[in-house]
Amino acid sequence: MKVAKGLYYTKDHEWVKVEGNLAFVGVADYAQHHLGDIVYVELPEIDDEIEKEEAFSAVESVKAAADIYMPVSGKIVEVNEELIDDPALLNADPYENWMIKIEMTNKDELEELMTSEEYEKFLAEEE
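Model, not experiment: these values are computed from the prediction. (Residues numbered from 1 in each chain as written. Predicted model: local features only at pLDDT ≥ 70, side-chain atom pairs only at ≥ 80, totals over all residues. Heavy atoms only, no water.)

1. Let's talk about the UniProt feature "modified residue: N6-lipoyllysine" (unreviewed entry) in the protein
Worth spelling out the cut-off: UniProt positions are given in the numbering used here, feature names are shortened, and annotations may be inferred rather than shown by experiment. Each helix is a run of H or I in the DSSP string that is no shorter than four residues. Each strand is a run of E no shorter than two, and both are numbered from the N terminus. In what follows, a contact means two residues having at least one pair of non-hydrogen atoms within 4.5 Å. Whenever a nitrogen or oxygen atom comes within 3.5 Å of another N or O atom, the pair is scored as a polar contact, on the condition that within protein one atom can donate a hydrogen and the other can accept it, and that pairs from neighbouring residues in sequence are kept only if both atoms are in side chains.
UniProt marks Lys63 with the feature "modified residue: N6-lipoyllysine" (unreviewed entry), using the numbering shown here. Mapped onto the elements, Lys63 comes out in the loop between strand S6 (55-61) and strand S7 (65-69). With residues up to four places along the chain from it excluded, the contact list for Lys63 reads His33, His34, Leu35 and Gly36. Among the polar contacts listed, one links the side chain of Lys63 to the backbone oxygen of His34, at a separation of 3.4 Å.

Next comes the structure, spelled out in structure tokens:
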């Protein structure tokens, strides 16, 4: 499984890329690999405020459906609309194809997430 460096990760296999007070959120390679071919992505509305660990999206594949959880609290400022027309982009490159961009409301929550190195160790224990 590919683990992108410089990102934060959750135990539910979401990733966060931080740029100032903004964060891009997506699903990790591990998640898309285990889901299989993704055929549907539900995204939240712009200006929705979502708390950490609250579901913000649903992803459906040929094998399963899964909720995607918010890694840090924030307000949705942008959604990746390309995913609505082409959900398989998450399979093609889950790190390039983010799902949402948020304005973080509590940056301290990042400290509760794993670094890429910690996530790699976590994955090794999962296998």
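2. Comments concerning the pairing of strand S2 (residues 14-19)
For clarity, the threshold we go by: At least two bridges found by DSSP between two strands is the condition for calling them paired.
Relative to S2, strand S1 (residues 8-9) runs antiparallel, the two sharing two bridges. Within S2, the residue paired with Tyr8 across the bridge is Val16. Between the end of S1 and the start of S2, which pair antiparallel, lie four residues, with His13 showing a positive phi angle near 75 degrees. Bridge count between S2 and strand S3 (residues 22-27): six bridges; the pairing is antiparallel.

3. Considerations on the packing of aromatic side chains
So the rule is basically this: A pair of aromatic rings is counted whenever rings of Phe, Tyr or Trp (Trp by its six-membered ring) have centres within 6.5 Å, and the orientation is called stacked for planes under 30 degrees apart, edge-to-face for over 60 and tilted otherwise. Residue exposure (1.4 Å probe, protein chains only): buried if accessible area is under 20% of the type maximum, exposed if over 50%, otherwise partly exposed. Ring-over charges, as used throughout, are those where CZ of Arg or NZ of Lys falls within 6 Å of the ring centre and within 35 degrees of the ring normal.
Under the criterion given, the structure shown has five aromatic pairs. The interplanar angle of 50 degrees and the centroid separation of 6.1 Å between the aromatic rings of Trp15 and Tyr95 together place this pair among those described as tilted. With Trp15 in strand S2 and Tyr95 in the loop between helix H3 (89-92) and strand S9 (100-104), this residue pair connects regions lying 80 residues apart in the sequence. Owing to a relative accessible area of 1%, Trp15 belongs among the buried residues under this scheme. Judged by its relative accessible area of 11%, Tyr95 falls in the buried class. Pairwise contacts between aromatic rings join Tyr9, Trp15, Tyr95, Tyr119 and Phe122 into one cluster. Directly above the ring of Phe24 sits Lys17, whose terminal nitrogen or CZ lies 5.9 Å from the centroid.

4. Considerations on the UniProt feature "domain: Lipoyl-binding" (unreviewed entry) in the protein
UniProt records the feature "domain: Lipoyl-binding" (unreviewed entry) at residues 22-103, using the numbering of this structure. For the annotated span residues 22-103, helix accounts for 18% and strand for 43% of the residues, and the straight-line distance between the end C-alpha atoms is 5 Å.

5. Structural notes on the side chain of Glu14
For clarity, the cut-off: By the counting scheme adopted, Arg and Lys are positive, Glu and Asp are negative, and His together with the chain ends is not counted. A carboxyl oxygen of Asp or Glu within 4 Å of a side-chain nitrogen of Lys or Arg is what we treat as a salt bridge.
The topology assignment puts Glu14 in strand S2. One buried charged residue, Glu14, remains without a salt bridge, the closest side chain of opposite sign being Lys52 at 8.9 Å. A polar contact is formed between the side chain of Glu14 and the side chain of Thr10, at a distance of 2.5 Å. If near-sequence neighbours (up to four positions away) are discounted, Glu14 is found in contact with Tyr8, Tyr9, Gly26, Val27, Ala28, Ile68, Tyr69 and Pro71.

6. Digging into the sheet that holds S6
Operational definition: Axes here mean lines fitted to C-alpha atoms, for a helix over just the part in contact, with angles spanning 0 to 180 degrees between N-to-C directions.
With respect to topology, three strands assemble into an open sheet ordered S4-S6-S7, the strand pairing being antiparallel. Of all the strands in the sheet, just strand S4 (38-42) and S7 have a single pairing partner and so form its edges. Between one strand axis and the next, the sheet turns by 25 degrees as a mean value, whatever way the strands run. Pairing between S4 and S6: four bridges, direction antiparallel. Along S6, the bridge assignment pairs Glu42 with Ala58.

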